[in-house]
Amino acid sequence: MTVSDRAPYRRSVRTVSGVQSSTLRTPPRLGALSARLAAGTAAARTEAIFCLLRGAIALAGAATLVVTGGEQSVERTPLLVAVWLHVALGLVSLAAVVPLSRLTSDMATTRVAWVATVLDVSLYAAYTIGFHAHPGAGTTYGIFVLLIGPVRWGWRGALVTGVPVAAVASLWPQQNVTGHTYGVAQTLLLCLLFVAPAAAIATLTRRAGGRLRQAQEQFRAAFEHASIGMALLDGDLTLLQVNRSLGQLLGSTEAELYGTRLDQHVVPADQQLLHRALGELSFARPATRLEVRLVRPDGLPRWGLVAASWLAGSSGVPPRVVLQIENVTDRKEVEARLSHLATHDGLTGLANRRSFQDRLATTFEKAKRGGEPFALLYIDLDHFKDFN
(Lines give C-alpha, C1' and ligand atoms only; values in the text may rest on other atoms or scores of the structure.)
Protein backbone atom coordinates (compact mmCIF):
# COMPACT_ATOMS: atom_id res chain seq x y z
CA MET A 1 0.00 0.00 0.00
CA THR A 2 1.52 3.32 -1.06
CA VAL A 3 1.49 6.60 0.83
CA SER A 4 -1.03 7.98 -1.61
CA ASP A 5 -3.29 5.01 -0.89
CA ARG A 6 -3.24 5.89 2.82
CA ALA A 7 -4.02 9.55 2.21
CA PRO A 8 -7.36 10.88 3.50
CA TYR A 9 -10.32 10.68 1.19
CA ARG A 10 -10.14 14.37 0.27
CA ARG A 11 -10.12 16.10 -3.09
CA SER A 12 -10.30 19.67 -4.32
CA VAL A 13 -12.84 20.69 -6.96
CA ARG A 14 -13.46 23.94 -8.76
CA THR A 15 -17.02 25.15 -8.54
CA VAL A 16 -18.76 27.10 -11.29
CA SER A 17 -18.26 30.27 -9.26
CA GLY A 18 -14.50 29.78 -9.58
CA VAL A 19 -13.98 29.12 -5.86
CA GLN A 20 -11.75 26.26 -4.75
CA SER A 21 -13.52 24.09 -2.21
CA SER A 22 -12.42 20.92 -0.45
CA THR A 23 -14.84 18.02 -0.21
CA LEU A 24 -14.57 14.69 1.52
CA ARG A 25 -14.91 11.52 -0.49
CA THR A 26 -16.80 8.71 1.23
CA PRO A 27 -14.61 5.71 2.12
CA PRO A 28 -15.57 2.57 0.14
CA ARG A 29 -17.05 0.61 3.07
CA LEU A 30 -19.02 3.57 4.39
CA GLY A 31 -20.16 4.35 0.86
CA ALA A 32 -21.41 0.78 0.39
CA LEU A 33 -23.34 0.97 3.68
CA SER A 34 -24.83 4.33 2.70
CA ALA A 35 -25.90 2.91 -0.66
CA ARG A 36 -27.61 -0.02 1.08
CA LEU A 37 -29.44 2.31 3.49
CA ALA A 38 -30.55 4.55 0.62
CA ALA A 39 -31.83 1.70 -1.55
CA GLY A 40 -35.43 1.93 -0.32
CA THR A 41 -38.13 4.58 -0.41
CA ALA A 42 -38.20 7.69 1.78
CA ALA A 43 -40.94 6.11 3.92
CA ALA A 44 -38.78 3.00 4.37
CA ARG A 45 -35.85 5.09 5.55
CA THR A 46 -38.16 6.84 8.03
CA GLU A 47 -39.29 3.50 9.44
CA ALA A 48 -35.63 2.47 9.69
CA ILE A 49 -34.95 5.61 11.74
CA PHE A 50 -37.87 4.78 14.04
CA CYS A 51 -36.47 1.26 14.44
CA LEU A 52 -33.02 2.65 15.23
CA LEU A 53 -34.55 5.00 17.79
CA ARG A 54 -36.50 2.13 19.38
CA GLY A 55 -33.30 0.13 19.72
CA ALA A 56 -31.41 3.04 21.25
CA ILE A 57 -34.19 3.73 23.77
CA ALA A 58 -34.40 0.05 24.71
CA LEU A 59 -30.65 -0.23 25.29
CA ALA A 60 -30.63 3.05 27.21
CA GLY A 61 -33.48 1.66 29.34
CA ALA A 62 -31.45 -1.47 30.02
CA ALA A 63 -28.49 0.66 31.14
CA THR A 64 -30.77 2.69 33.39
CA LEU A 65 -32.14 -0.47 35.01
CA VAL A 66 -28.60 -1.74 35.61
CA VAL A 67 -27.65 1.50 37.34
CA THR A 68 -30.88 1.47 39.34
CA GLY A 69 -30.28 -2.10 40.48
CA GLY A 70 -26.76 -1.28 41.59
CA GLU A 71 -27.67 1.79 43.61
CA GLN A 72 -31.02 0.85 45.18
CA SER A 73 -32.17 -2.03 47.33
CA VAL A 74 -34.68 -3.52 44.94
CA GLU A 75 -35.46 -7.06 43.88
CA ARG A 76 -32.60 -8.17 41.66
CA THR A 77 -34.21 -11.11 39.81
CA PRO A 78 -37.17 -9.21 38.26
CA LEU A 79 -34.82 -6.35 37.48
CA LEU A 80 -32.40 -8.69 35.74
CA VAL A 81 -35.22 -10.11 33.63
CA ALA A 82 -36.31 -6.58 32.74
CA VAL A 83 -32.74 -5.70 31.70
CA TRP A 84 -32.48 -8.68 29.35
CA LEU A 85 -35.88 -7.93 27.85
CA HIS A 86 -34.72 -4.41 27.05
CA VAL A 87 -31.46 -5.69 25.58
CA ALA A 88 -33.28 -8.23 23.42
CA LEU A 89 -35.70 -5.56 22.13
CA GLY A 90 -32.80 -3.23 21.41
CA LEU A 91 -30.77 -5.81 19.50
CA VAL A 92 -33.74 -7.02 17.44
CA SER A 93 -34.62 -3.42 16.58
CA LEU A 94 -31.07 -2.61 15.50
CA ALA A 95 -30.89 -5.78 13.40
CA ALA A 96 -34.05 -4.74 11.53
CA VAL A 97 -32.75 -1.28 10.53
CA VAL A 98 -31.03 -2.26 7.27
CA PRO A 99 -33.79 -4.59 5.97
CA LEU A 100 -36.40 -1.91 6.69
CA SER A 101 -34.42 0.79 4.91
CA ARG A 102 -34.31 -1.31 1.73
CA LEU A 103 -38.09 -1.66 1.29
CA THR A 104 -39.00 -0.40 -2.18
CA SER A 105 -42.79 -0.41 -1.86
CA ASP A 106 -44.78 2.21 0.04
CA MET A 107 -47.55 -0.34 0.58
CA ALA A 108 -45.13 -2.77 2.22
CA THR A 109 -43.72 0.04 4.36
CA THR A 110 -47.23 0.99 5.51
CA ARG A 111 -47.95 -2.61 6.51
CA VAL A 112 -44.67 -2.75 8.42
CA ALA A 113 -45.56 0.48 10.23
CA TRP A 114 -48.94 -0.88 11.36
CA VAL A 115 -47.42 -4.19 12.46
CA ALA A 116 -44.66 -2.39 14.36
CA THR A 117 -47.21 -0.14 16.08
CA VAL A 118 -49.33 -3.10 17.18
CA LEU A 119 -46.22 -4.91 18.45
CA ASP A 120 -45.02 -1.80 20.30
CA VAL A 121 -48.36 -1.36 22.08
CA SER A 122 -48.59 -5.08 22.86
CA LEU A 123 -45.02 -5.30 24.20
CA TYR A 124 -45.49 -2.20 26.33
CA ALA A 125 -48.77 -3.51 27.74
CA ALA A 126 -47.29 -6.94 28.49
CA TYR A 127 -44.20 -5.46 30.13
CA THR A 128 -46.17 -3.00 32.23
CA ILE A 129 -48.66 -5.62 33.41
CA GLY A 130 -45.84 -8.02 34.22
CA PHE A 131 -43.53 -5.59 36.06
CA HIS A 132 -45.83 -2.90 37.50
CA ALA A 133 -45.63 -4.47 40.95
CA HIS A 134 -41.80 -4.38 41.02
CA PRO A 135 -40.31 -1.06 42.20
CA GLY A 136 -37.64 0.37 39.92
CA ALA A 137 -38.62 -1.74 36.90
CA GLY A 138 -40.26 1.13 35.06
CA THR A 139 -39.31 1.77 31.43
CA THR A 140 -38.98 4.80 29.16
CA TYR A 141 -40.06 2.57 26.27
CA GLY A 142 -43.62 3.65 27.03
CA ILE A 143 -42.84 7.21 26.01
CA PHE A 144 -41.60 5.97 22.65
CA VAL A 145 -44.75 3.90 22.16
CA LEU A 146 -46.90 6.86 23.21
CA LEU A 147 -45.29 9.21 20.68
CA ILE A 148 -44.77 6.88 17.73
CA GLY A 149 -48.45 6.92 16.77
CA PRO A 150 -48.87 10.71 16.45
CA VAL A 151 -45.43 11.02 14.86
CA ARG A 152 -46.42 8.47 12.21
CA TRP A 153 -50.03 9.49 11.51
CA GLY A 154 -50.81 12.74 13.34
CA TRP A 155 -54.08 12.97 15.28
CA ARG A 156 -55.24 9.57 14.05
CA GLY A 157 -52.07 8.03 15.39
CA ALA A 158 -52.63 9.79 18.71
CA LEU A 159 -55.71 7.63 19.18
CA VAL A 160 -53.92 4.48 17.99
CA THR A 161 -51.16 4.63 20.63
CA GLY A 162 -52.24 7.35 23.07
CA VAL A 163 -55.46 5.69 24.22
CA PRO A 164 -54.07 2.18 24.91
CA VAL A 165 -50.86 3.51 26.53
CA ALA A 166 -52.85 5.88 28.78
CA ALA A 167 -55.23 3.06 29.71
CA VAL A 168 -52.43 0.62 30.56
CA ALA A 169 -50.46 3.25 32.50
CA SER A 170 -53.58 4.18 34.49
CA LEU A 171 -54.64 0.63 35.30
CA TRP A 172 -51.14 -0.75 36.00
CA PRO A 173 -49.01 2.27 37.05
CA GLN A 174 -45.28 1.68 37.18
CA GLN A 175 -43.48 2.16 40.48
CA ASN A 176 -40.24 4.03 40.95
CA VAL A 177 -37.52 2.71 43.25
CA THR A 178 -39.37 4.07 46.30
CA GLY A 179 -42.64 2.44 45.30
CA HIS A 180 -44.30 5.74 44.37
CA THR A 181 -46.74 5.85 41.43
CA TYR A 182 -48.63 8.57 39.57
CA GLY A 183 -52.37 8.93 39.98
CA VAL A 184 -54.81 8.39 37.14
CA ALA A 185 -55.36 12.12 36.60
CA GLN A 186 -51.62 12.78 36.55
CA THR A 187 -51.03 9.92 34.12
CA LEU A 188 -53.75 11.10 31.73
CA LEU A 189 -52.47 14.68 31.89
CA LEU A 190 -48.90 13.59 31.13
CA CYS A 191 -50.08 11.50 28.16
CA LEU A 192 -52.05 14.46 26.82
CA LEU A 193 -49.07 16.80 27.23
CA PHE A 194 -46.90 14.37 25.27
CA VAL A 195 -49.36 13.39 22.57
CA ALA A 196 -51.05 16.70 21.66
CA PRO A 197 -47.91 18.66 20.65
CA ALA A 198 -46.47 15.63 18.83
CA ALA A 199 -49.68 15.14 16.84
CA ALA A 200 -49.96 18.84 16.00
CA ILE A 201 -46.33 19.09 14.85
CA ALA A 202 -46.57 15.86 12.88
CA THR A 203 -49.74 17.02 11.13
CA LEU A 204 -48.19 20.34 10.13
CA THR A 205 -45.02 18.58 9.00
CA ARG A 206 -46.99 16.07 6.93
CA ARG A 207 -48.92 18.87 5.23
CA ALA A 208 -45.71 20.77 4.45
CA GLY A 209 -44.09 17.54 3.29
CA GLY A 210 -47.09 16.82 1.05
CA ARG A 211 -46.79 20.23 -0.60
CA LEU A 212 -43.05 19.70 -1.02
CA ARG A 213 -43.57 16.27 -2.58
CA GLN A 214 -46.19 17.73 -4.92
CA ALA A 215 -43.77 20.46 -5.99
CA GLN A 216 -41.02 17.88 -6.49
CA GLU A 217 -43.33 15.68 -8.54
CA GLN A 218 -44.36 18.63 -10.69
CA PHE A 219 -40.72 19.57 -11.27
CA ARG A 220 -39.83 15.95 -12.06
CA ALA A 221 -42.66 15.68 -14.60
CA ALA A 222 -41.73 19.02 -16.19
CA PHE A 223 -38.06 18.00 -16.25
CA GLU A 224 -38.58 14.56 -17.78
CA HIS A 225 -41.19 15.55 -20.36
CA ALA A 226 -39.81 18.95 -21.40
CA SER A 227 -39.50 19.44 -25.15
CA ILE A 228 -36.04 21.00 -24.73
CA GLY A 229 -32.97 19.42 -23.19
CA MET A 230 -32.57 19.86 -19.43
CA ALA A 231 -29.82 18.82 -17.05
CA LEU A 232 -28.67 19.26 -13.47
CA LEU A 233 -24.94 19.95 -13.04
CA ASP A 234 -22.61 20.00 -10.06
CA GLY A 235 -19.80 22.46 -9.47
CA ASP A 236 -17.36 20.88 -11.95
CA LEU A 237 -20.00 20.69 -14.75
CA THR A 238 -20.69 16.98 -14.30
CA LEU A 239 -24.14 15.90 -15.50
CA LEU A 240 -26.03 14.61 -12.46
CA GLN A 241 -29.45 14.33 -14.10
CA VAL A 242 -30.55 14.61 -17.73
CA ASN A 243 -33.86 14.25 -19.55
CA ARG A 244 -34.72 12.41 -22.73
CA SER A 245 -34.79 15.53 -24.92
CA LEU A 246 -31.18 16.33 -24.07
CA GLY A 247 -30.19 12.77 -24.95
CA GLN A 248 -31.89 13.11 -28.32
CA LEU A 249 -30.16 16.44 -28.94
CA LEU A 250 -26.72 15.03 -28.11
CA GLY A 251 -27.33 11.69 -29.83
CA SER A 252 -26.85 9.60 -26.66
CA THR A 253 -28.97 7.87 -24.07
CA GLU A 254 -29.57 9.30 -20.62
CA ALA A 255 -27.43 6.56 -19.08
CA GLU A 256 -24.53 7.39 -21.42
CA LEU A 257 -24.70 11.09 -20.53
CA TYR A 258 -24.92 10.59 -16.77
CA GLY A 259 -21.60 11.32 -15.05
CA THR A 260 -19.97 12.98 -18.07
CA ARG A 261 -18.87 16.61 -18.17
CA LEU A 262 -20.86 19.15 -20.13
CA ASP A 263 -17.81 20.48 -21.96
CA GLN A 264 -17.25 17.01 -23.46
CA HIS A 265 -20.35 17.63 -25.57
CA VAL A 266 -19.24 21.06 -26.84
CA VAL A 267 -16.78 21.68 -29.69
CA PRO A 268 -13.30 22.65 -28.39
CA ALA A 269 -13.56 26.14 -29.91
CA ASP A 270 -16.60 26.93 -27.72
CA GLN A 271 -15.46 25.27 -24.48
CA GLN A 272 -13.68 28.37 -23.17
CA LEU A 273 -16.80 30.44 -23.81
CA LEU A 274 -18.88 27.88 -21.91
CA HIS A 275 -16.48 27.80 -18.94
CA ARG A 276 -16.35 31.58 -18.74
CA ALA A 277 -20.15 31.96 -18.86
CA LEU A 278 -20.89 29.26 -16.27
CA GLY A 279 -17.94 30.33 -14.13
CA GLU A 280 -19.56 33.74 -13.63
CA LEU A 281 -22.71 32.25 -12.09
CA SER A 282 -23.18 33.33 -8.48
CA PHE A 283 -25.64 35.05 -6.14
CA ALA A 284 -24.93 38.31 -7.95
CA ARG A 285 -25.45 36.77 -11.40
CA PRO A 286 -27.80 33.80 -11.05
CA ALA A 287 -28.48 33.20 -14.77
CA THR A 288 -26.76 33.36 -18.15
CA ARG A 289 -27.42 32.52 -21.82
CA LEU A 290 -25.08 31.62 -24.66
CA GLU A 291 -24.98 29.70 -27.95
CA VAL A 292 -22.51 26.86 -28.46
CA ARG A 293 -21.85 24.18 -31.06
CA LEU A 294 -22.51 20.68 -29.78
CA VAL A 295 -20.67 17.41 -30.37
CA ARG A 296 -22.57 14.25 -31.27
CA PRO A 297 -21.21 10.71 -31.69
CA ASP A 298 -22.58 10.58 -35.24
CA GLY A 299 -20.85 13.85 -36.19
CA LEU A 300 -24.04 15.72 -37.11
CA PRO A 301 -23.68 19.48 -36.51
CA ARG A 302 -25.94 20.91 -33.82
CA TRP A 303 -26.28 24.36 -32.29
CA GLY A 304 -27.61 24.75 -28.75
CA LEU A 305 -28.98 27.82 -26.96
CA VAL A 306 -27.83 27.28 -23.36
CA ALA A 307 -29.77 28.89 -20.50
CA ALA A 308 -28.12 28.20 -17.12
CA SER A 309 -29.51 29.06 -13.67
CA TRP A 310 -27.62 29.03 -10.38
CA LEU A 311 -29.08 27.06 -7.44
CA ALA A 312 -27.45 28.12 -4.19
CA GLY A 313 -26.49 25.32 -1.83
CA SER A 314 -27.39 24.98 1.83
CA SER A 315 -25.94 23.22 4.84
CA GLY A 316 -24.46 19.98 3.55
CA VAL A 317 -25.84 20.53 0.04
CA PRO A 318 -23.42 21.99 -2.57
CA PRO A 319 -24.62 24.49 -5.20
CA ARG A 320 -26.07 23.17 -8.44
CA VAL A 321 -26.71 24.50 -11.95
CA VAL A 322 -29.96 23.89 -13.81
CA LEU A 323 -29.35 23.82 -17.55
CA GLN A 324 -31.73 24.19 -20.48
CA ILE A 325 -30.43 23.56 -24.00
CA GLU A 326 -32.67 24.41 -26.95
CA ASN A 327 -31.90 23.08 -30.43
CA VAL A 328 -31.39 26.20 -32.59
CA THR A 329 -29.67 24.41 -35.48
CA ASP A 330 -32.40 25.32 -37.99
CA ARG A 331 -32.29 28.98 -37.02
CA LYS A 332 -28.49 29.12 -37.29
CA GLU A 333 -28.64 27.46 -40.72
CA VAL A 334 -31.25 29.99 -41.89
CA GLU A 335 -29.12 32.85 -40.55
CA ALA A 336 -26.04 31.48 -42.32
CA ARG A 337 -28.03 31.08 -45.58
CA LEU A 338 -29.39 34.64 -45.40
CA SER A 339 -25.92 35.98 -44.63
CA HIS A 340 -24.54 34.14 -47.64
CA LEU A 341 -27.31 35.41 -49.93
CA ALA A 342 -26.65 38.97 -48.76
CA THR A 343 -23.12 38.84 -50.20
CA HIS A 344 -23.46 36.34 -53.07
CA ASP A 345 -25.43 36.05 -56.28
CA GLY A 346 -28.40 33.72 -55.93
CA LEU A 347 -28.00 32.30 -59.46
CA THR A 348 -24.25 31.77 -59.80
CA GLY A 349 -23.21 31.67 -56.14
CA LEU A 350 -20.45 34.20 -56.87
CA ALA A 351 -19.72 37.23 -54.72
CA ASN A 352 -22.08 40.10 -55.61
CA ARG A 353 -21.46 43.85 -55.85
CA ARG A 354 -21.88 44.38 -52.09
CA SER A 355 -19.30 41.71 -51.29
CA PHE A 356 -16.93 43.19 -53.89
CA GLN A 357 -17.27 46.67 -52.41
CA ASP A 358 -16.68 45.39 -48.87
CA ARG A 359 -13.56 43.48 -49.89
CA LEU A 360 -12.26 46.43 -51.90
CA ALA A 361 -12.74 48.78 -48.95
CA THR A 362 -10.96 46.35 -46.65
CA THR A 363 -8.06 46.04 -49.09
CA PHE A 364 -7.75 49.83 -49.33
CA GLU A 365 -7.59 50.10 -45.53
CA LYS A 366 -4.90 47.44 -45.27
CA ALA A 367 -2.85 49.07 -48.01
CA LYS A 368 -3.18 52.48 -46.34
CA ARG A 369 -2.06 51.17 -42.95
CA GLY A 370 0.71 48.90 -44.20
CA GLY A 371 1.90 50.93 -47.18
CA GLU A 372 1.79 47.89 -49.44
CA PRO A 373 0.64 48.34 -53.05
CA PHE A 374 -2.14 46.26 -54.60
CA ALA A 375 -3.59 45.81 -58.09
CA LEU A 376 -7.17 45.75 -59.32
CA LEU A 377 -7.86 43.69 -62.42
CA TYR A 378 -10.90 44.75 -64.46
CA ILE A 379 -12.27 42.34 -67.07
CA ASP A 380 -15.13 43.26 -69.36
CA LEU A 381 -16.92 40.73 -71.55
CA ASP A 382 -18.55 42.07 -74.71
CA HIS A 383 -22.33 41.66 -74.84
CA PHE A 384 -22.40 39.97 -71.38
CA LYS A 385 -25.36 42.11 -70.40
CA ASP A 386 -27.39 40.36 -73.07
CA PHE A 387 -27.28 37.32 -70.77
CA ASN A 388 -27.18 38.98 -67.33
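This text follows the structure it describes.
Let me begin by describing the structure that accompanies this report. Bear in mind the structure is a predicted one, so any value in this text is a computation, not a measurement. (Residues numbered from 1 in each chain as written. Predicted model: local features only at pLDDT ≥ 70, side-chain atom pairs only at ≥ 80, totals over all residues. Heavy atoms only, no water.)

Here the focus is the layout of surface pockets. Approximately 920 Å³ is the volume found for the largest pocket. Lining the largest pocket are 20 residues, with Ala 351, Arg 353, Tyr 378, Ile 379 and Phe 384 sitting closest to its centre. Among the residues forming the lining of the largest pocket, the class breakdown is 10 nonpolar, 5 polar and 5 charged. (1 Å grid on protein atoms, 1.4 Å probe; cavity = no way out; pocket = protein on both sides within 12 Å on 5 of 7 lines; lining within 4 Å. Points joined across faces, edges and corners; volume = space filled by probe spheres on them. Nonpolar A, V, L, I, M, F, W, Y, C, P; charged D, E, K, R; others polar.)

Turning our eyes to something else, we now look at the sheet that holds strand 7 (residues 320-327). Taking strand neighbours across the sheet as the criterion, the 5 strands line up as 4-3-7-6-5 in an open arrangement whose pairing is antiparallel. Each having just a single partner strand, strand 4 (239-242) and strand 5 (287-294) make up the two edges of the open sheet. The average undirected angle you get between the axes of adjacent strands in this sheet is 25°. Taken strand by strand, helix 9 (residues 184-224) contacts strand 3 (229-233) and strand 4, and its axis lies near 125° from that of strand 3. Set on the sheet, helix 12 (residues 268-279) makes contact with strand 3, strand 5 and strand 6 (302-311); between it and strand 5 the angle comes to about 170°. (Pairing = 2+ DSSP bridges. Helix = DSSP H or I, 4+ residues; strand = E, 2+ residues; numbered from the N terminus. Axes fitted to C-alpha atoms, helices over the stretch in contact; angles between N-to-C directions. Contact = heavy atoms within 4.5 Å.)

What follows concerns the pairing of strand 6. For strand 5 and strand 6, the ladder comprises 8 bridges, and the chain directions are antiparallel. Across the sheet, the residue bridging to Glu 291 is Leu 305, located in strand 6. Bridge analysis of strand 6 against strand 7 gives 8 bridges, and the strand direction is antiparallel. Opposite Leu 311, over in strand 7, you have Arg 320 as the bridge partner.

Axis separation between helix 7 (residues 141-153) and helix 8 (residues 155-171) bottoms out at 5 Å; the angle between their running directions is 160°. Considered as vectors, helix 7 and helix 8 are oriented roughly antiparallel to each other. You can see that helix 7 and helix 8 cross each other, and the crossing is right-handed. On helix 8, the residues that touch Gly 142, Val 145, Leu 146, Ile 148, Gly 149, Pro 150 and Trp 153 of helix 7 are Trp 155, Arg 156, Gly 157, Ala 158, Thr 161, Gly 162 and Val 165. When the residues that make up the contact of helix 7 with helix 8 are grouped by side-chain class, the tally is 8 nonpolar, 5 polar and 1 charged. (Parallel < 35°, antiparallel > 145°, perpendicular 65-115°, else oblique. Left-handed = near helix turned anticlockwise from the far one by under 90°.)

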